[in-house]
Amino acid sequence: MGYTIAQKIIKEHLVCGEMAVGNDIGLKIDQTLTQDATGTMAYIEYEAMGIPRVKTEKSVAYIDHNTLQTGFENADDHRFIQSVCKKHGIYFSRPGNGICHQVHLERFGKPGKTLIGSDSHTPTGGGIGMLAIGAGGLDVAVAMGGGAYYITMPKMVRVNLTGKLNPWVSAKDIILAVLRVMSVKGGVGKIVEYGGDGVKTLTVPERATITNMGAELGATTSVFPSDETTREFLKAQGREEDYTELKADDDAVYDEIIEINLSELEPLAACPHSPDNVKPIKELEGQKIDQVCIGSCTNSSYLDLMRVAYILKGKKVADNVSLAIAPGSKQVFNMLALNGALGDMIAAGARILESACGPCIGMGQSPNSSGISLRTFNRNFEGRSGTADGQIYLVSPETAAVSAINGVFTDPRVLGEAAEIAMPEKFLINDNMVIEPAPVEEMDNVEILRGPNIKSYPKTSPLTDTIEASCSLKVGDNITTDHIMPAGAKILPLRSNIPKISEHCFTVCDKEFPERAKTLGKSIIVGGENYGQGSSREHAALAPLFLGVKAVLVKSFARIHKSNLINAGILPLTFINADDYDKIKLGDMLELPNVKNEIASGENVTVVNKTTGSTIKANCELSDRTRAIILAGGLLDYTKENS
Ligand code: MIC
Ligand code: SF4
């Protein structure tokens, strides 16, 4: 039996476990990336492990999220990260150099390599055939220290692409079509692999748009073959030597096959407030809009922005629309500046932003009250834009640009003939915003610069024999990490300060939660399906840890969040009988009378509701390793105990 692309890379990097679906497997990690909002914590954790130099082939730290710098906090954090990088052997991509995933794809990613990143959109690297996975900061820290990264061996899904996109139908429409089929939880426990004749019609940036937004499927990662198109891309980036061919064996076996005929696709939009709430633009056409934002790690490549410039050229942004554009990287920005495309955007009235995440993470450009905003981003969770009642639609750059001119939702196919925009034969290569680490012999002279915003990792404790704690919060299905630990311009600067940031924990759902949890001292959160979907931010586990949350009891978990809870030593429990969700109310006193023994022996966990008198059973799905981590009180304690 042959192998899929992902199975081939896994096989090459397997350090422990058996490659059978559902097994815990350990992978050797070749490359890591961090961004600043998760990076400070990751480097605090790395420092705590006491390993002098990173052991990966390449580790890169990007500054792209917290670039508003409304106070000293962000700049302090940047300096801290820069100094850690210099000392410990990590490349540092300065603010202004671009969004981590875009820059990593351009400058560092290599087909066939493993990459983990403290950002959920790390799978962007799958666009050039990497096995690129989003992870918690602590997992990235461990990988930098040479430790394996553990995942549950996923099922394999093949998305078979046939045909060819029609003019003005875009890669974004492909992934929106996949989201429509699979939903935001359809990818949990799976790797999505693209294949079929349609693959060769897609450029690398288009493939990367698709693998990037595979994160919204909940998938472990997504991957494309590495082929001649990949070689051309790497060659144009001056790195042809990084190319290797990679394809699935003809007799590879997939657990699920999805057919997408590119010729039949039409422009789509993910409507508020979920990336899988997908409708054809045709159904929305004519509706007035207020804002358009173009950029983010999903759609800010040279190709995307050249198409946008082509549409804007000689036109004017509609009076009722504010158009913001953030190029994905310095490379893209500079090329647009040199070839005149930037001039076309400016002339049309676009507000040009720096190369960073910006509005995607609520760092500025929040829309007006109940404003309709079309964005080329990947997430439209409620409130994420910074405007609580903002109505965010996720669309392609082509749809975004033409709608910005018309002031209403517009199907870009009105533009007629396709624009002939080719991939450049040579990208503009200038890595002067990437700072190399100090040579090993000089590392001792590098001082780590720590600002007052940087506080230490919260206190953890080993699992106790019993837990008695009340339910401090009850939430429904599809709770995102943006609900648990909101971001945005006010909160994001507190990422290095867990005591402070925890005051905002879950306030989107319940303003009283942080105070209530603190007063209770110990508590348990109850939730529904797909709890913790979205980002990789470990703060969504560390803030609850700081507030005394001992367990989270839900119908099901999203992958990265579950492992962040385990890393933080918080028990991830699932209802065996989903109806038991109704048996617990906010404020009920719960007891887990025999929890330590039950966890240690792999039994179901007894949960007694002392307020109502009912008893239920919960599952705590752990491997031998994650069981040991939970018993130790988290991954840091476990790593210390085992080193
Ligand atoms: C996001 O898109 O939600 C983020 C901000 O990039 C997060 C990381 C973070 O919260 O810092 C992610 O996707 O993991
Ligand atoms: Fe940045 Fe948005 Fe991409 Fe997250 S999804 S890395 S915030 S651009």
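The structure displayed is predicted, hence computed values, not measured ones.

Some words on the overall build of the protein chain
Line of reasoning, step 1. Across its full length, the protein chain holds 21 helices and 27 strands.
Line of reasoning, step 2. Against the 2.2 N^0.38 benchmark of 26 Å for 643 residues, the protein chain shows a C-alpha radius of gyration of 23 Å, consistent with a compact globule.
Line of reasoning, step 3. Summarising its shape, the C-alpha atoms of the protein chain cover approximately 70 × 60 × 55 Å along the three principal directions.
Line of reasoning, step 4. Relative to its 643 residues, the protein chain shows a buried fraction of 64%.
Line of reasoning, step 5. Within the protein chain, residue pairs in contact and separated by at least 24 positions form 76% of the contacts whose partners lie at least 6 positions apart.
Line of reasoning, step 6. Measuring between centres, the 64 positive side-chain charges of the protein chain sit 3 Å from its 77 negative side-chain charges.

A few points about the side chain of Ser502
Line of reasoning, step 1. In this structure, Ser502 sits in the loop between helix H15 (498–501) and helix H16 (513–520).
Line of reasoning, step 2. The exposure class assigned to Ser502 is buried, which follows from its relative accessible area of 0%.
Line of reasoning, step 3. A polar contact is formed between the side chain of Ser502 and the backbone oxygen of Pro499, at a distance of 2.8 Å.
Line of reasoning, step 4. The residues touching Ser502, leaving out its near neighbours within four places in the chain, are Pro514, Ala543, Phe546 and Leu547.

Some points on the site of ligand 2
Line of reasoning, step 1. In the vicinity of ligand 2, the contacting residues are His65, His101, Asp119, His121, Ser296, Cys297, Cys357, Cys360, Ile361, Asn378 and Arg384.
Line of reasoning, step 2. Residues that form the shell around ligand 2 fall into these classes: four nonpolar, five polar and two charged.

Regarding the site of ligand 1
Line of reasoning, step 1. Around ligand 1 sit 14 residues in total, of which Asp119, Ser120, Arg495, Ser536 and Arg537 are the nearest.
Line of reasoning, step 2. Interatomic distance of 2.9 Å between a side-chain N/O atom of Gln35 and an oxygen atom of ligand 1.
Line of reasoning, step 3. For ligand 1, the accessible surface in isolation is 340 Å², of which the surrounding protein chains cover 96%.
Line of reasoning, step 4. Taken together, the residues of the shell around ligand 1 break down into two nonpolar, seven polar and five charged.

Some thoughts on the packing of aromatic side chains
Line of reasoning, step 1. Using the criterion set out here, one finds eight aromatic pairs in the structure.
Line of reasoning, step 2. The interplanar angle of 5 degrees and the centroid separation of 4.7 Å between the aromatic rings of Tyr194 and Phe224 together place this pair among those described as stacked. Separated by 30 residues along the polypeptide, Tyr194 in strand E10 (residues 190–195) and Phe224 in the loop between strand E11 (221–223) and helix H8 (228–236) bring together distant segments of the chain.
Line of reasoning, step 3. Under the relative-accessibility criterion, Phe224 is labelled buried at 0%.
Line of reasoning, step 4. Relative to Phe427, the ring of Phe233 lies with its centre 5.6 Å away and its plane at 70 degrees, an arrangement referred to as edge-to-face. You can see Phe233 sitting in helix H8 and its partner Phe427 sitting in the loop between helix H12 (397–406) and strand E20 (434–435), a full 194 residues away along the chain.
Line of reasoning, step 5. On the basis of relative accessibility, which here comes to 7%, the residue Phe427 falls in the buried class.
Line of reasoning, step 6. One aromatic cluster is present, formed by Phe233, Tyr302 and Phe427 through successive ring pairs.
Line of reasoning, step 7. Here Lys58 stacks its cationic end above the ring of Tyr91, 4.2 Å away from the centre of that ring.
Line of reasoning, step 8. A cation sits over an aromatic face here: Lys555 above Tyr581, 4.4 Å from the ring centre.

Conventions we followed
Along each chain, residues carry numbers from 1 onward, in the same order as the chain's sequence is written. As a convention, the first chain written is A and the first ligand written is 1, with the rest following in written order. Two thresholds apply to this predicted model, a pLDDT of at least 70 for residue-level local features and 80 or more for giving and counting side-chain atom pairs, whereas whole-chain, interface and lining totals are computed over all residues. Note that water and hydrogens are dropped before the side-chain values are worked out from all heavy atoms of the structure. Helix and strand definitions here come from DSSP, where helices need a minimum of 4 consecutive H or I residues and strands a minimum of 2 consecutive E residues; each element is numbered from the N-terminal end. The quantity called the radius of gyration is restricted to C-alpha atoms. Its globule counterpart is 2.2 Å times the number of residues to the power 0.38. With a 1.4 Å probe rolled over the protein chains alone, any residue whose accessible area is under 20% of its type maximum counts as buried; one over 50% counts as exposed, and the rest are partly exposed. By definition, residues are in contact when any of their heavy atoms lie within 4.5 Å. Counted as positive: Lys and Arg. Counted as negative: Asp and Glu, with His and the chain ends omitted from the count. Note that the charge is assigned to NZ on lysines, CZ on arginines, CG on aspartates and CD on glutamates. Polar contact is defined as a pair of N or O atoms within 3.5 Å, subject to the rule that within protein one atom must be able to donate a hydrogen and the other to accept it, and that residues adjacent in sequence are counted only when both atoms are side-chain atoms. Nearness is defined per residue: one heavy atom within 4 Å of the molecule or strand is enough. Under the scheme applied here, ten amino acids are nonpolar (Ala, Val, Leu, Ile, Met, Phe, Trp, Tyr, Cys and Pro), four are charged (Asp, Glu, Lys and Arg), and all others, including Gly, are polar. Using a 1.4 Å probe, accessible areas were evaluated by the Shrake-Rupley method; residue-level cover was limited to the displayed protein chains. When two rings of Phe, Tyr or Trp (its six-membered ring) have centres within 6.5 Å they constitute a pair, described as stacked for plane angles under 30 degrees, edge-to-face for angles over 60, and tilted for the intermediate range. Ring-over charges, as used throughout, are those where CZ of Arg or NZ of Lys falls within 6 Å of the ring centre and within 35 degrees of the ring normal.

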